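Observations on the three-dimensional arrangement
Next come the chains, spelled out residue by residue.
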Amino acid sequence: NDPGEAVVLKRYWLPQSGEISPAESEFRALALAVEHGVRAPTPIWIDRIGLFPERAIVISHVEGGVLLSPASPIDWAAQLAKALVAIHRIQPASVDRDLFPVLTNTDGHQSETETLAALSRHPLGMDLWSRRVETLAMLKPEVPVYVHSDFWPGNTLWVEEKLTAVVDWEGGSI
């Protein structure tokens, strides 16, 4: 880095025995993101020698702030969608599989009973559920891809309504 260039120091808890280190997973996730052209901070350094009492990484500083009420919601949503597609194009190598847990079909979702109860209150709810079931039945397994696992507008940075980065990559999955 250039002298005087702003960086960010992120510190994490020490992982328990057998637990994936969030510092290691975020550092690798950011490297994958940058390699694949995803707008994200660049990983610079990881503390593997215990310089800090916790795990730590240094990443590039990215200008911007959270944008939750854009002037042009359609453009804003399109930029978010484009970023998400780029993230899902990342195919972690087999050596990366130890750093990212593999999601199952039910991870992060309501139970079927909760989902059906919520959908039954909407006029199109049951039609949407039927279409979901049909679509899932047609899907074929593809190559494993990276999933950010906490992708929402609060984890994005914007300058003048242009997406500058997706942040908070420590919880990623495959």
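Structural notes, computed from the coordinates. All figures in this text were calculated on a predicted structure; none of them were measured in a lab. Counting of residues starts from 1 at the beginning of each chain's written sequence and follows it residue by residue. The predicted origin of the model limits local features to residues at a pLDDT of at least 70 and limits the giving and counting of side-chain atom pairs to 80 or more, whereas totals for whole chains, interfaces and linings rest on all residues. Excluded from the side-chain calculations are hydrogens and water; all other atoms, namely the structure's heavy atoms, are used.

**A closer look at the overall build of the chain**
Secondary structure follows DSSP: runs of H or I at least 4 residues long count as helices, runs of E at least 2 residues long count as strands, and numbering of each begins at the N terminus. Scanning the chain from terminus to terminus reveals 4 helices and 5 strands. For the chain, the N- to C-terminal ordering of α and β elements is β-α-β-β-α-α-α-β-β. In terms of its C-alpha atoms, the chain occupies a principal-axis envelope of roughly 60 × 45 × 25 Å. Buried, partly exposed and exposed residues are distinguished by accessible area as a fraction of the type maximum, computed with a 1.4 Å probe on protein chains only: under 20%, between the cut-offs, and over 50%, respectively. The buried share among the 174 residues of the chain stands at 32%. Whether two residues are in contact is decided by their heavy atoms: any pair within 4.5 Å suffices. For the chain, contacts bridging at least 24 residues in sequence account for 68% of all contacts bridging at least 6. Of the roughly 11,100 Å² that the chain leaves accessible, carbon and sulfur atoms contribute 58%. Working convention for charge: Lys and Arg count positive, Asp and Glu count negative, and His plus the chain ends are omitted. For charged residues, the charge sits on one atom: NZ in Lys, CZ in Arg, CG in Asp, CD in Glu. With 14 positive and 23 negative side-chain charges, the chain shows a spacing of 5 Å between the two charge centroids. Where accessible areas are quoted, they stem from the Shrake-Rupley method and a 1.4 Å probe; at the residue level, only the protein chains shown are allowed to cover.

**Brief notes about the layout of surface pockets**
The computed volume of the second largest pocket comes to approximately 240 Å³. A 1.4 Å probe that fits into a set of points on a 1 Å grid over the protein atoms alone but cannot get out defines a cavity; an open set with protein on both sides within 12 Å along at least five of seven lines defines a pocket, and lining residues are those with an atom within 4 Å of a point. Around the second largest pocket, the lining residues are Gly37, Val38, Arg39, Gln79, Lys82, Ala83, Ala86, Arg89, Leu163 and Val166. Listed by contribution, the elements that provide at least two residues to the lining of the second largest pocket are α2 (73–88) and β5 (162–166). The biggest single contributor to the lining of the second largest pocket is α2, with 4 residues. Of the residues in the lining of the second largest pocket, the class split is 5 nonpolar, 2 polar and 3 charged. Grid points are joined across faces, edges and corners, and a volume is the space filled by probe spheres set on the points. Just so you know the grouping, Ala, Val, Leu, Ile, Met, Phe, Trp, Tyr, Cys and Pro go in nonpolar, Asp, Glu, Lys and Arg go in charged, and all remaining residues, Gly too, go in polar.

**Some details on a nonpolar patch on the surface**
Patches in this entry comprise residues that are over 30% relatively accessible and not in a salt bridge; like charges within 9 Å are linked, as are nonpolar side chains (Val, Leu, Ile, Met, Phe, Trp, Tyr) within 5 Å. Take a side-chain nitrogen of Lys or Arg and a carboxyl oxygen of Asp or Glu: if they are within 4 Å of each other, that pair is a salt bridge. A cluster of nonpolar side chains, contributed by Val7, Ile44, Trp45, Ile49 and Leu51, occupies part of the molecular surface with about 500 Å² of accessible area. Looking at the secondary structure, you find Ile44 in strand β2 (residues 43–46).

**Notes on the sheet that holds strand β3 (residues 55–60)**
Two strands pair under a simple rule: DSSP has to find at least two bridges between them. Spatially, β1-β3-β2 is the arrangement adopted by the 3 strands of the open sheet, whose pairing is antiparallel. One side of each edge strand has no neighbouring strand; the edge strands of this open sheet are β1 (7–12) and β2. Ignoring which end each strand starts from, the neighbouring axes of this sheet average 20° apart. The pairing of β2 with β3 spans 3 bridges and is classified as antiparallel. Note that in β3 the partner of Pro43 across the bridge is Ile59. Axis definition: a line fitted to C-alpha atoms, limited for helices to the stretch in contact. Angles are taken between N-to-C directions and run from 0 to 180 degrees.

**Here's the deal with the nonpolar core**
In this description, a nonpolar core means a group of buried Ala, Val, Leu, Ile, Met, Phe, Trp, Tyr and Cys residues linked to one another through side-chain atoms lying within 4.5 Å. Core analysis: the largest hydrophobic core is formed by 25 residues, its most contacted members being Ile57, Tyr146 and Trp169. At the level of secondary structure, the elements contributing two or more residues to this core comprise α1 (22–35), β3, α2 and β5. Per-element accounting of this core gives the leading share, 6 residues, to α1. Not counting the four nearest positions on each side in its chain, Ile57 is found in contact with Val8, Leu9, Lys10, Tyr12, Ala23, Glu26, Phe27, Leu30, Trp45 and Ile46.

**Notes on the environment of Arg39**
Tracing the backbone shows Arg39 in the loop between α1 and β2. Through-space distance from the C-alpha of Arg39 to that of Val143 is 23 Å; in sequence the pair is 104 residues apart. Those residues in contact with Arg39 that lie beyond four places of it in its chain are Leu163, Thr164, Ala165 and Val166.

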